[in-house]
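Tertiary structure, described
Take a look at the letters that make up each chain.
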Amino acid sequence: VGLLFSNMAVAHMALGDLVRAEELQRRELELSERVHGAGHPQLGESHRALARILERRGDLQAALAESRAALSILAGVRGAGHPIVRSLRQERARTV
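Residues numbered from 1 in each chain as written. Predicted model: local features only at pLDDT ≥ 70, side-chain atom pairs only at ≥ 80, totals over all residues. Heavy atoms only, no water.

Considerations on the pattern of salt bridges
If the charged atoms of two oppositely charged side chains come close together, the side chains can form a pair. Tallied over the full model, the rule gives six salt bridges. Of the charged contacts, one joins Arg57 and Glu22 as a salt bridge, the two residues approaching to 2.3 Å between their closest N and O atoms. Taken together, the positions of Arg57 in helix α3 (residues 41-57) and Glu22 in helix α2 (residues 18-36) put the pair 35 residues apart, joining distant regions of the chain. Classification of Arg57 by relative accessible area gives partly exposed; the value is 41%. For the salt bridge of Glu91 with Arg52, the shortest nitrogen-to-oxygen distance reads 2.8 Å. Of this pair, Glu91 sits in helix α5 (residues 83-95) while Arg52 sits in helix α3; the two residues are 39 residues apart in sequence, bridging distant segments of the chain. Of the residues examined, Arg52 reaches a relative accessible area of 36% and is grouped as partly exposed. (Salt bridge = Lys/Arg side-chain N within 4 Å of Asp/Glu carboxyl O. Helix = DSSP H or I, 4+ residues; strand = E, 2+ residues; numbered from the N terminus. Buried < 20%, exposed > 50% of the residue type's maximum accessible area, 1.4 Å probe, protein only.)

Below, the structure written as C-alpha cells:
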C-alpha cells in the first residue's frame, strides 16, 4: 500500500499538483514508519521523496529537515560512502 501512495505522489508531482503529492507522500511516510520501523532504508527513501516535493513547493526549511532525516537513516544503514548517500548529500547542497 505504501508503494501505491508513493507512486501516486510521483504522478501528482509530475502533474504539478504538489499539495496532493505532499499529502500522499506523508501518508506513505507514516505507513513506512509503522510497517518498517524508524531505522529502515525505506523510511529514509520516504523522507527523501518528501524533501523533493517540499523543495518544489518552495518550503526549503521543511525540505532540509526531511533531507536531514533521510540522510541520518540512509547513512546509518548504508554507510557514508554509499552512492545513494552521496547523491542525497548533493541534493541537499543544491537545496541550501
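Still to come is the rest of the account.
Let's talk about α3
Between its first and last C-alpha atoms α3 spans 25 Å; for 17 residues at 1.5 Å apiece the expected length is 24 Å, and the two agree. Along α3, the positions that sit buried rather than exposed are Pro41, Leu43, Gly44, Ser46, His47, Arg48, Leu50, Ala51, Ile53 and Leu54. Residue Gly58 follows α3 closely and has a positive phi angle near 90 degrees. (Expected span 1.5 Å × (residues − 1).)

Thoughts on the side chain of Ser67
Here Ser67 is to be found in helix α4 (residues 60-78). Ignoring sequence-local partners within four residues, the contact set of Ser67 consists of Ala51, Leu88 and Arg92. (Contact = heavy atoms within 4.5 Å.)

Some details on the confidence of the model for the protein
Chain-level statistics for the protein give a pLDDT mean of 93 and a share of 99% at 70 or above. The lowest-confidence element of the protein is α5, averaging 87 in pLDDT; the highest-confidence one is α2, averaging 96. (pLDDT = per-residue confidence, 0-100.)

So, the nonpolar core
The biggest cluster of nonpolar side chains holds seven residues, and these are Phe5, Ala9, Met13, Leu18, Ala21, Leu24 and Ile53. When contributions to this core are tallied by element, the ones reaching two or more residues are α1 (2-14) and α2. If we ignore the near neighbours within four places in the chain, the residues touching Leu18 are Met13, Ile53, Arg56 and Arg57. Core analysis: the next-biggest nonpolar cluster, separate from the first, contains five residues, Ala70, Leu71, Leu74 and Leu88 among them. (Core = buried A, V, L, I, M, F, W, Y, C linked by side-chain atoms within 4.5 Å.)

Section: the packing of α3 against α4
In the contact formed by α3 and α4, the axes pass within 8 Å of each other and the chain directions differ by 160 degrees. Taken together, the axes of α3 and α4 are roughly antiparallel relative to one another. At the point where α3 passes α4, the crossing takes the left-handed sense. Every residue of α4 that contacts α3 at Pro41, Leu43, Gly44, Glu45, His47, Arg48, Leu50, Ala51, Leu54 and Glu55 is listed here: Leu60, Ala62, Ala63, Glu66, Ser67, Ala69, Ala70, Ile73, Leu74, Val77 and Arg78. In the contact of α3 with α4, the residues fall into 13 nonpolar, three polar and five charged. (Axes fitted to C-alpha atoms, helices over the stretch in contact; angles between N-to-C directions. Parallel < 35°, antiparallel > 145°, perpendicular 65-115°, else oblique. Left-handed = near helix turned anticlockwise from the far one by under 90°. Nonpolar A, V, L, I, M, F, W, Y, C, P; charged D, E, K, R; others polar.)

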